[in-house]
Amino acid sequence: MRHVWSVLFLACTTLAAPLALTAQQTKPSKPKSGKAKPTTERATPAPGASAVGDSALDTLVVPESYQARAIGPAVMGGRVAAIALDPTDPWTYYVGLGTGGVMKTSDNGQTFKGIFEKQSVAAIGALAVAPSDAKVIWAGTGEANDRNSSSWGDGVYRSTDGGATWSNVGLKSSKTIARVVVHPTDPKTAWVAAMGDLWVPGGERGCYKTIDAGATWTRVLAAPKPYDDRVGCGDLAIDPSNPDVLYAALYARRRYPWRFDAGADATDGKDLGGIFKSTDGGATWTKLGGGLPARTQRIGLAVYAKDPKIVYAVVQSDALGTSDIDDPNSKAGGTFRSDDGGTSWTRMSQLDPRPFYFSQIRIDPSNDQRIYVLGFMLHVSDDGGKHWREDRFKNVHSDNHALAIDPTTPKRLLLGTDGGLYQSVNGGEGWGFQSRMAAGEFYRINVDRSVPYRICGGLQDNTNWVGPSATGTKDGIRNGDWTQIGGGDGSYCLFDATDSNIVYAESQQGFVFRINLSNGQEKLIKPSPTEGSPTFRYHWSSPVIQSVHDPKVLYYGADRVFKFTNRGDDWAEISGDLSTRDLSRMTATGSGAEEFGVVFALAESPVKQGLLWAGTDDGKLWKTENDGAAWIDLTPTLPAAVKGLWISRIEASAHDPQVAYVAIDGHRTGRYAPYLFRTADGGKTWQSISANLPDGGPVKVVREDPNNPGLLFAGTEFALWASVDRGGRWFRIGKLPTVAVDDILIHPRDLDLLIATHGRSIYILDDIRPLEEFTPEVRREDAHLFSIRPATARYLLPGWEESAGDAVFRGKNPPEGAILTWYVRRYTGDDVKIAITNSEDQPVANLKAPGTPGFGRVNWNLRPTKDVLTEYGGDRADRPVAAGEYKVTLTFGHTKQTQMVHVSAAPGLVTR
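Note that this is a predicted model, so its numbers are computed, not measured. Counting restarts for each chain: residues are numbered from 1 in the order of the written sequence. Local features are withheld for residues below a pLDDT of 70 in this predicted model, meaning they are given only at 70 or higher, and side-chain atom pairs are given and counted only at 80 or more; totals for whole chains, interfaces and linings count all residues. Water and hydrogen atoms were dropped before computing side-chain values, which therefore reflect all heavy atoms in the structure.

Topic: the overall build of the protein
Working step 1: Numbered from the N terminus, helices here are DSSP runs of H or I no shorter than four residues, and strands are runs of E no shorter than two. Helices and strands together make up the secondary structure of the protein, namely three helices and 69 strands.
Working step 2: Here the globule rule reads 2.2 Å times residues to the power 0.38, and the radius of gyration is calculated from C-alpha atoms. Computed over the C-alpha atoms, the radius of gyration of the protein is 29 Å, within 12% of the 29 Å expected from 2.2 N^0.38 for a compact globule of 912 residues.
Working step 3: In terms of overall dimensions, the protein has a C-alpha envelope of 90 × 65 × 55 Å along the principal axes.
Working step 4: Residue contacts are defined here by distance: any two heavy atoms, one from each residue, within 4.5 Å place the two residues in contact. In the protein, the proportion of contacts linking residues at least 24 apart, taken out of those at least 6 apart, comes to 58%.
Working step 5: Where accessible areas are quoted, they stem from the Shrake-Rupley method and a 1.4 Å probe; at the residue level, only the protein chains shown are allowed to cover. Split by element, the accessible area of the protein, about 32400 Å² in all, is 49% carbon and sulfur.

Structure below.
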C-alpha cells in the first residue's frame, strides 16, 4: 500500500486538511446532486509524472487528516473513572475518563491535554504514577464501573515519558482493569486487579504481577477452577512501607442486557469472593475473616500510610438480604476497619452505597479517623466510619467514582464524578468544577436551520443541552454559549422542523418532553397506559424521531411504536409489542437501564411516507409500509450470525425506499465484530458492508449521505469511518481521538458532518461536499476543484480571549470565508495555483499550494491578497470583498478548472 501525504498551505487564514491515498478500492456510485460540474481543460500529463495507483479507479482518498473541529461543550463533564497525582509535582495530575481516554494537566487544572488519543481503546479503569519515577505512568483500560454503558479495554499500558507515548504491556484479554498498584521503589514492578469481561466469562481475571515493566505477567491470585473464568480482582491496596504486604478483593460479576449477577449468584451459589492478604509480594495469599461477612460481592480497600496495620474496606454482602438502589446501607456489609493488618475487623457502619457502581473508600493521609466513601454523594466521616455526613459535599455532581487526596496537603481533594472533575482546597468546604476539558458522553444530537445553526443533544447523566455550531467572536464557542434544557440522562433531542424554538427531549425510562425555548414552558408527552393496563416498557435511550413528511408527527419507540400528533399533545399506538416477548428478560429492579425487550432503533423513510423500520434490543427487525397498520417481521431474513443480537441503529435511504442499513452490536454476548448490513430489496435479503472495519469495534451508528448514496459514514466504539463506495471499503476520517461515536448527522443545508462522541463531546467536520463529489470520473482527472459552499463576509467580534487567561474552554469556530478544496491525482512537480476574480474579471486574490497528490484544502478569508491590493482598490486590506459571484480558477500544470463561489455580506457591512 502506498501512502502519499499532501502538504499544508496557509493562505490568508488557515484551514488545513492534507489527505492520504491508498489503493484497491471499488467503484462508488455517482452522486445525485444538482451541483454544476466544473469546466475542465485537460492536458497531457507532464513527462515523468508518477501515478499514485495502477489506475485512476484504484485510487481512493483516505482523509485521515481531514480534521474535525472540537466544539465542546465542557460545561458538563463525562464519567471520571480514575485520578492519579504526580508524587513530585502537586500541580500535575492525570484524569482517566470512563470512555474518553486520559487527560493531563501540569498547571493544577487550568488546562488539560489529551494524552491517550491514538491508542486502540478509550475506556480507562485505573491510573497509577510510579512513586519512585514520576515519568512512569501505568494505565489500566476498561472502565471498572459495572454499568450497561461501560466500555472495555485491551489490557495495561505504560508510559515512561509522562504520558507522551504509550506501550501496551499485556493482559489484553482482561477487558477491565480496576486498579494498578506500583512498587514504591521499583517502577518496573506492579500489581494489577483484572476484573475480566463484564458480559461473558473468560479472559484474564484475578491479580497479576509483573517485575519487568509488563514484559511478562504472573497470575498470583485467582478463584479456583472452573470459576476463575468469572471471578476477577476488584481492588488492590499495598503497604507503602513494606511492598510485600498486599490486600486484594476477589469479585465475581456478570452483566446481561436485562439483569446483573454478582457474588455467589454468578458462581453457582459458591462463595468465592472476599478480602485476601499476601505478605510475600503476592506469591501466596490468605483469605481474611475475623468479622467480615460471608457472600461478599464488590469490595473497596484502603491502607493508612502512616500506620499500615490500619486497613479499611467498604464491603458488599447479601448474606442477610439486599437493599433498595436508593438505600446506602447494607444489611450485612458496610464499612469495616481493621487495626491489626486484617486479622480482625470491626463493622463501623452499614454504609455501602450502590456497590456495583461505586465501592471506593479513601483515608485522609494524616488522619485515620477521617475517611471517605464514594457513592451518589461523597460521604465523609470524622470518627472512623461510625457516623457520616454529606452536608458540606453537596455542591458537586452526583455519582462519585474517583477521589485523590494530596498527601502533602490533605485538604486538597480531587473528585471524579459522572459529571466531571472537581477540586477542593479546603477539605470539601467548597468545590471548583474543572470545566476546561470536553468530556461529555453524548448519546444523540440534532440540528436546526438557523444561521449559524444550533445543536441539541443528550448526555449520560448530564441532561439535554442546546448550543451553537459557531459564534461571531474570536473567543470561539464557550461553555456559556450552551443552555441546559432539562432531563436526567439525556438522549434523543430534536428541534421542531417548523419552529426551532420548540425542542423535544428524552431522558431515561421514556420521559420525553416538549419545551419552548422562547418562554421556558415545558410539557411531558410520555405515553402512559390506563390504570390496570399492562405498563409500557421504555429503554434507557428511547428513540424519538420527527416525520420528514409531516412535521407535526413524531414517532416514539418503547416496547411498541407510538405515533405522536399535534406536536405530542395526542398519541396512538401503531404497533403491538415488537420484542420477542420473553417475559423472563423484560424487567429488572434498578435505574431503568436494564429494561429490555424494547424498540431501540427507529427510522422513517425520507422518500416514502408511511414506511417505518424498527429494531429491538433483543434482535427483532420490523417494517411497516402503511404507517403502522400492518408490520412485517424481517427478523428471519437477517444473517444467521447476528440473529438475536442488539439492533443498534437503522438508516433508511434518502434515495430508494427499498434500501436501508442496519448496525448490530453483539458485544453484550461477547461478539465484538463490526456488524453492518445493507438491503436493496426492502429487507428480503441483506449484504454485509462491514468490509475492512476492524474487529473489536462494534458499529453504533450508520448514516447515508443525502446527495450521494455511495457515501456512507459509520460510528464505532472507537472511531469515525467513511466509505465512498457504498461500504466496499472504509477509511478513518476526522482525526478524532480514539473515542466512541454514538451519533452522526449531516446538516441538510450546510453539509457539515456532526459527530456526537460518548466521551469527548461534539465535533464538526466542515463541508463534506468534496467527499460527496469524489466520483470515479473525478478520480480519473489529473486535478479537480470541488464545488464551493457559499460564504458570508463579516468581522469577528474581538471577544475577551486575550484577557481571559488560559483557564477557559474554547470550542473551535469554523474557518472564516470560503473553503476551497481540490484533488490532485499524481505528482508532476507543479504547484496548485488558485486565482479568484470578480464578476468583471478583475483579480481579487491569488493563492498557491504544493501539488501533492491527494486532497488539498485552504480557506480564502474573503480579503484581497497583497499582490492585488493596489489595483483592486486601495489600502484597506482588512475590508472584505463586496457581495456577489466570484470565479475560482485552479491551475495545475496544463489543467485548469473553475468553480463559482457566492459571497454575501452581513447586514450593514461596509465592503470594498
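Don't stop here, the text continues.
Quick notes on the environment of P709
Working step 1: Among the structural elements, P709 can be located in the loop between β54 (699–704) and β55 (712–716).
Working step 2: Spatially, the C-alpha atoms of P709 and V659 are 9.8 Å apart, while their sequence positions differ by 50 residues.

Some points on the environment of G759
Working step 1: Relative to the helices and strands, G759 resides in the loop between β59 (753–757) and β60 (762–765).
Working step 2: To sort residues, take the accessible area from a 1.4 Å probe on protein chains only and compare it with the maximum for the residue type: under 20% means buried, over 50% means exposed, and anything in between is partly exposed. Taking relative accessible area as the criterion, G759 reaches 2% and is therefore assigned buried.
Working step 3: Separated by 20 residues in sequence, G759 and V739 have C-alpha atoms that sit 6.4 Å apart.

Observations concerning the pattern of salt bridges
Working step 1: Between Lys or Arg on one side and Asp or Glu on the other, a salt bridge is scored when a side-chain nitrogen of the former is within 4 Å of a carboxyl oxygen of the latter. Under the counting rule described, the total for this entry stands at 41 salt bridges.
Working step 2: A salt bridge links R179 to D235; the shortest N-O distance between them is 2.7 Å. You can see R179 sitting in strand β13 (residues 177–182) and its partner D235 sitting in strand β17 (residues 231–238), a full 56 residues away along the chain.
Working step 3: According to the relative accessible area criterion, R179 is buried, its value standing at 18%.
Working step 4: Here the salt bridges do not stand alone but share partners, grouping R537, D559, R560, E573 and D577 into one network.

With respect to the state of the cysteines
Working step 1: We call a pair of cysteine sulfur atoms a disulfide when they lie within 2.5 Å. Enumeration over the complete set of coordinates arrives at zero disulfides.
Working step 2: With no disulfide partner, C207 has as its closest neighbouring cysteine sulfur the one in C233, 5.0 Å distant.

As for the pairing of β13
Working step 1: Burial analysis of β13 places six of its six residues in the buried class, which makes it a mostly covered element.
Working step 2: Whether two strands pair depends on DSSP finding at least two bridges between them. Pairing analysis gives five bridges linking β13 to strand β14 (residues 190–194), with the strands arranged antiparallel. Bridge pairing in β14 links I177 to A194.

A short note on the nonpolar core
Working step 1: Ranked by internal contacts, the top residues of the largest apolar core, which has 28 residues, are W191, C207, L221, V231, C233, L236 and W285.
Working step 2: Counting residues per element, the ones that place at least two in this core are β13, β14, β16 (218–221), β17 and β18 (246–256).
Working step 3: Per element, the largest residue contribution to this core is five residues, and it comes from β18.
Working step 4: Here the nonpolar core consists of buried residues drawn from Ala, Val, Leu, Ile, Met, Phe, Trp, Tyr and Cys, with membership extended through side-chain atoms lying within 4.5 Å. Core analysis: the second largest hydrophobic core is formed by 26 residues, I788, V832, I834 and V881 among them.

Thoughts on the sheet that holds strand β37 (residues 483–486)
Working step 1: Taking strand neighbours across the sheet as the criterion, the four strands line up as β33-β34-β35-β37 in an open arrangement whose pairing is antiparallel. Every interior strand has two partners, whereas the edge strands, β33 (442–447) and β37, have only one. Sheet twist, expressed as the average angle between the axes of neighbouring strands with direction ignored, equals 25°.
Working step 2: Relative to β37, strand β35 (residues 464–468) is paired through three bridges, and the arrangement is antiparallel. Working convention: axes come from line fits to C-alpha atoms, limited for helices to the stretch in contact. Angles between N-to-C directions cover 0 to 180 degrees.

Considerations on the side chain of S424
Working step 1: By the element assignment, S424 lies in strand β31 (residues 420–424).
Working step 2: Accessibility expressed as a relative area gives 0% for S424, which makes it buried.
Working step 3: A polar contact is formed between the side chain of S424 and the side chain of N426, at a distance of 2.9 Å.
Working step 4: N or O atoms closer than or at 3.5 Å make up a polar contact, with two conditions inside protein: a donor-capable atom paired with an acceptor-capable one, and, for residues adjacent in sequence, both atoms drawn from side chains. Within the local environment of S424, its side chain forms a polar contact with the backbone oxygen of G430, the two atoms lying 2.9 Å apart.
Working step 5: In contact with S424, not counting residues within four places along its chain, are K411, R412, L413, E429, G430 and W431.

A word on the sheet that holds β14
Working step 1: Spatial ordering of the open sheet is given by β13-β14-β15-β16, a layout of four strands whose pairing is antiparallel. Two strands in the sheet have a free side with no partner beyond their single neighbour: β13 and β16. Mean inter-strand twist for the sheet, computed between neighbouring axes without regard to direction, equals 30°.

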